[in-house]
Amino acid sequence: MSAEKKQIETVPLPPKSAEIITTACDYCIVACGYKVYRWPTTAKEGGPAAKDNALGVDFPVAPLGPSVSPNKHTVVQHRGKPHHVLILADQDTDVVNVGGDYSALGGTLAKKCYREDGPTKDRLQEPLLRVNGRLTPVSWNFALDVAAEVGLHVVMKHGAHAFGMKTFSYQYIENTYAITKFAFLHLQTPNFSLHDTPADVTSTPGFRDAGFDNFAPSYEDWRDAETLLICGTDPYETKNIMFTQWIMPGIQRGQKTIMMVPRKTAGVAYAEANGGMWLDPIPGTDLLVVNAIARIIVENQWEDQEWIRQWVNNQWGSSSGFGQGTRNTPWQWRTTWGKFQTRGFQEWKDWLLNQPEFHLDYASKLSGVDPKKIRTAAEWMAKPKADGRRTKTSIMIEKGFYWSNNTGNTNAIASLAIIVGAGGRPGQMIGRAGGHQRGMVRGGKYPRNLSPEKLPGRRRRSLDVDRYFISGHTRLAYVIGTPWLQSSCGSYQLRDKFEELVTRNPNQVISTDKTKVIETLKKRVDSGGTVVFNQDIYLVDPIGSQFADLIFPAATWGEESFMRANGERRLRLYNKFYDPPGQAKPDWWIVANIAERMGFPGFDWHSSSEVAEEAARFSRGSRKDFYMVKVAAGQEGKSLHQKMNEFGTTGIQGPVLMHDDGRLEGTKRLHDVNRVLPKTGPAGANRFNKKLTAFNSQTGKLNLQKSPWDLFSDYWHWLSPKDDELWFTSGRLKERWQSGFDDKRKAILHQRFPENIVEIHPADAKTRGIESGDYVEVYSDRVPGHKTTLLGVEAKDFQFSELLKNGHIELTRASVKAVAHVTPAIKQNVLYMDFLRTDQPANALAGRVPDWISGNYNYKMGVARIRKTGESPHKHTFDFFSFARRDLA
Amino acid sequence: MTQNFQNASCMVSRREFLFASALTVSTVMLPFSGFATSNQQAMAKVGTYPRRFIARLEDLKEHQPIVFEFPDSGPYASNILVKLGRPAGGGIGSDQDIVAFNLTCTHRGGSLAATYKPENASLGPCPLHLSSFDMTRHGIMITGMATESLPQILLDLEDGNIFAGGVLGLIYGHHIE
């Protein structure tokens, strides 16, 4: 029989003498607590009796016990000597992954670690320079000297705008701090964006303008809600433990869970089978469904009137603070533009009731959601109970929702939250579920005033770095920990421009003579070409393998100690427990060394903890404010990392406050209107931010805002499928959460999805002759891309229909290959793919038209045709993939 | 030897070491192709045990599972034998559709008894954390939390008799095959 993926080996058990090091998972927002058991390979292994192993349990272990498996074990080098490590979810934790629950991602953390004899052996280990088209090892000194000289030349001759940076937002506080200190404080380049946005803009403009923090809730709020509306994600698919430890227990206690997402996965099926409901909107129509729900609520006067009276800005509050100073922030121009701001509940209600598109019939027709379900959702969320008591309702959103109609959807949902009384009480919260963990502390401020991008009304907006690159203005692209091209909409437009500016430029390095290398790269820059630096843990195609001139190998999770927060602002120390491969260095070290060579001061750090200590000050007032932890560390004569290590896997939730006796207190939830802070005010270095007990707005109260459909509807109608097109959308697959760095090097995960898939409804498949396991081409000649213009003068200049009329929208063609999975789990007339496979990037088919209010991408919006091209080997063999249904409860 | 499907239960608090004796381990060289960064052959070990009679072929009806214990007796040793009605990896019989799997979820030891879904050829969702496994594809996880596929029981067919002879994969709770 064929059994190649079923490797078994004996899993060595840790002896009593094994060291135990705490950390948290490297992957999703939830950040489960883990323990690393480490012992030298020369030591005697532990035995199956509890008295003979460090786990203190008899083998075989009981259900829910600390079970081991081949994928939880590896051998690493620690101080140059081979050591066993067994990486197990912390069985003792009572936060996050209570009792040691784990996912297929975190459970296989051991397989992430570098091993010279395993699938991770291709980690980048030394700096590389492209010479005659081939990546050639060079020394750190050589690489850093070249980088600094070319970087300095670009800034001096072409300006800071020409120095483009594209970087992860999440890969640890020490690294992001160093990167942003370099980019903002010293370079001052507006040509900067994070891995998942085209520009340095907020993910949730509607939240920001209403006054909601993205990550205000604690995980217990998701459990304690009586009705939970989840928009644009299935947490079981993408944030596993948040579902199994916090939402499933809620459902088991009677929570009514409403999942609004066009694709039914196991969590949706579970909710539906246990008293919940699935709302299945056509991509981009969420706003209509949300406002139809809101309309039913206000028509029936089910809104939380007491909450609205107490916490919603009236006409005086709405305008408070305006009329003075610059109106040059995104928040100010959005709220004063007249399209969103209201004078309070009554005006908002009048507006809502006067929009015909929010009628149940219209909303239901466009969204394809059963009107009965929309009505039921309104009842579950807001209809008072027989005894007059209100239902505790919470709302969770994530990218499927806020990347469909970024401004409109987030405005609409914020208003719905406000009227159902969600936002500031236990079990009554609104927040993002989260994607990556929260690892950003900014070492400077984004220089928006230097951005050449202007919106109508002379308001500057953060620069769309993709459009700027496509327009040919970026002379140097420094790309850190992201594939950039495939993670942007309209990926192929970017790829074509990289080929033109980098590969086809005649100035290519042909020797390792440092002077000549620098000279050549300067010539490339001066001739209108682009030089590319890429910093990562693996060689990524094409940004590293095809385009990078210089590659810097980065050290990552487990190879250096770092800090980061999870989706309930829980800060932990992620301890180093093994040696980084080769000469790989943490990102902060690499950036600091380039910065120093460019002559910038303040980068002379000697340890990761030193960077964190400097960053602490910049966290003040933020949701992950850990400044007082640093103060406590100082008082106790410890480093910040030493102090953080004391919190183990429990960590501490930001913002952190210090009592007079030196005791540190975390923050369970933000906007906690029931929280009582000391009446005497903040003592010492404590800072009481408004959002601790009120909201992030001009008054501390909430802004109830309009969410007009017509700012987006022209795009939606233009995009809507023509002829045999189908809606095209994408997202994460559970087993491919990590999108191709670690997961394709973990056999257990790779065998599940060795190639990209496209989910297609049986009715759509049948008419096209497509069966599960077929190879298909998913293609479109209607991929719109906003190009060239950065200036809007008249109010509507950036509206899609105006851009189209004025020739600023370029239609391009894209095609990706996939294996078809025919399943009723995807809504009819919609295709769904894994969003980020570097070989077959779904984002190539997503319209590259930033939301014209926020500047963010609506990644989930696209259309495509699909046709069968043949049969994949997986159709009739049994080793890879599964075409079984994932939506069964 | 066989027992009623519904009566099977794997949930125990503690149990004795499962594979105490009679264990032999055969090492098989298997091609490990299609893997992103590695074309080398991987060593796969398959635990083999004294062959045990499970059922007569003629008694096995499509979608009517038989639960049996293997390689030992006891809770984690509960397995399911099914004629799926469609060909499967490792399937025996003229239609290659007879397979057997261990009934303990590899994630955290939940019982997959009574979770067989005939129309999906799957086991699960596990009542604990909802993992489910594809019985046509060597127990690969369809969706869920586990770090290992569901152990497949290696079957033999001889003179109309079905025998279990080995376990492909590590059964939950153990550290050695």
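Residues numbered from 1 in each chain as written. Chains lettered and ligands numbered in written order. Predicted model: local features only at pLDDT ≥ 70, side-chain atom pairs only at ≥ 80, totals over all residues. Heavy atoms only, no water.

Trainee: So what's going on with the overall build of chain A? Which residues, and what values?
Mentor: A count of helices and strands for chain A gives 28 helices and 30 strands. Relative to its length of 889 residues, chain A is compact, with a C-alpha radius of gyration of 27 Å against a globular reference of 29 Å. Reported as C-alpha extents along the three principal axes, the dimensions of chain A are approximately 70 × 70 × 70 Å. Taking the intrachain contacts of chain A between residues at least 6 apart in sequence as the baseline, contacts between residues at least 24 apart amount to 76%. When the accessible surface of chain A is summed, it comes to about 28100 Å², and 48% of that surface belongs to carbon and sulfur atoms. Between the centroid of the 115 positive side chains of chain A and the centroid of its 97 negative side chains there is a distance of 3 Å. (Helix = DSSP H or I, 4+ residues; strand = E, 2+ residues; numbered from the N terminus. Rg over C-alpha atoms; globule rule 2.2 N^0.38 Å. Contact = heavy atoms within 4.5 Å. Areas by Shrake-Rupley, 256 points an atom, 1.4 Å probe, with all protein chains shown as cover. Lys, Arg positive; Asp, Glu negative; His and termini not counted. Charge placed at Lys NZ, Arg CZ, Asp CG, Glu CD.)

Trainee: If you had to explain the pattern of salt bridges to someone new, which residues and values would you point to?
Mentor: Residue and element names in this part refer to chain A. All chains considered together, the criterion is met by 73 salt bridges over all chains. The partner of Asp661 in a salt bridge is Arg663, and the shortest N-O contact between them spans 3.5 Å. A relative accessible area of 57% places Asp661 in the exposed class. Residue Arg663 is classed as partly exposed on the basis of its relative accessible area, which comes to 48%. Its salt-bridge partner being Lys875, residue Asp774 comes within 2.8 Å of it at the nearest N-O pair. On the criterion of sequence distance, the pair formed by Asp774 in strand 27 (residues 774–786) and Lys875 in the segment after strand 30 (863–871) is long-range, its members being 101 residues apart. (Salt bridge = Lys/Arg side-chain N within 4 Å of Asp/Glu carboxyl O. Buried < 20%, exposed > 50% of the residue type's maximum accessible area, 1.4 Å probe, protein only.)

Trainee: Explain the nonpolar core to me, using residue names and the numbers behind them.
Mentor: Residue and element names in this part refer to chain A. The biggest cluster of nonpolar side chains holds 152 residues, and the ones touching the most others in it are Ile87, Met165, Phe182, Tyr478 and Phe552. With nine residues, helix 1 (residues 140–158) is the single largest residue contributor to this core. In terms of nonpolar packing, the next biggest core, distinct from the first, is built from 87 residues, Ala294, Phe358, Ala382 and Trp716 among them. (Core = buried A, V, L, I, M, F, W, Y, C linked by side-chain atoms within 4.5 Å.)

Trainee: Tell me about unusual backbone geometry, and please be specific about residues and values.
Mentor: Residues and elements named next belong to chain A. Put simply, Phe59 and Pro60 share a cis peptide bond, and its omega is 0 degrees. Mapped onto the secondary structure, Pro60 falls in the loop between strand 2 (33–40) and strand 3 (73–78). Phi at His671 takes a positive value of approximately 55 degrees, unusual for a residue other than glycine. Among the structural elements, His671 can be located in the loop between strand 24 (664–665) and helix 25 (713–719).

Trainee: If you had to explain the sheet that holds strand 22 (residues 652–653) of chain A to someone new, which residues and values would you point to?
Mentor: Residue and element names in this part refer to chain A. The three strands lie next to each other as 19-20-22, forming an open sheet whose pairing is antiparallel. With partners counted over all chains shown, the strands left at the sheet margins are strand 19 (562–565) and strand 22, one partner each. Where strand 19 and strand 20 (residues 570–574) come together, four bridges link them in antiparallel fashion. Counted as the bridge partner of Ala565 is Leu571 from strand 20. This element, helix 2 (residues 173–187), spans strand 19 and strand 20 of the sheet and lies at about 95 degrees to strand 19. (Pairing = 2+ DSSP bridges. Axes fitted to C-alpha atoms, helices over the stretch in contact; angles between N-to-C directions.)

Trainee: Explain the state of the cysteines to me, using residue names and the numbers behind them.
Mentor: Residue and element names in this part refer to chain A. This model, assessed by the stated rule, comprises zero disulfides over all chains. Counting only cysteine sulfurs, Cys32 is the nearest neighbor of Cys25, a cysteine outside any disulfide, at a range of 6.4 Å. The exposure class of Cys25 is buried, given its relative accessible area of 7%. Free cysteine: Cys231, not disulfide-bonded; nearest cysteine sulfur from Cys28 at 19 Å. (Disulfide = S-S within 2.5 Å.)

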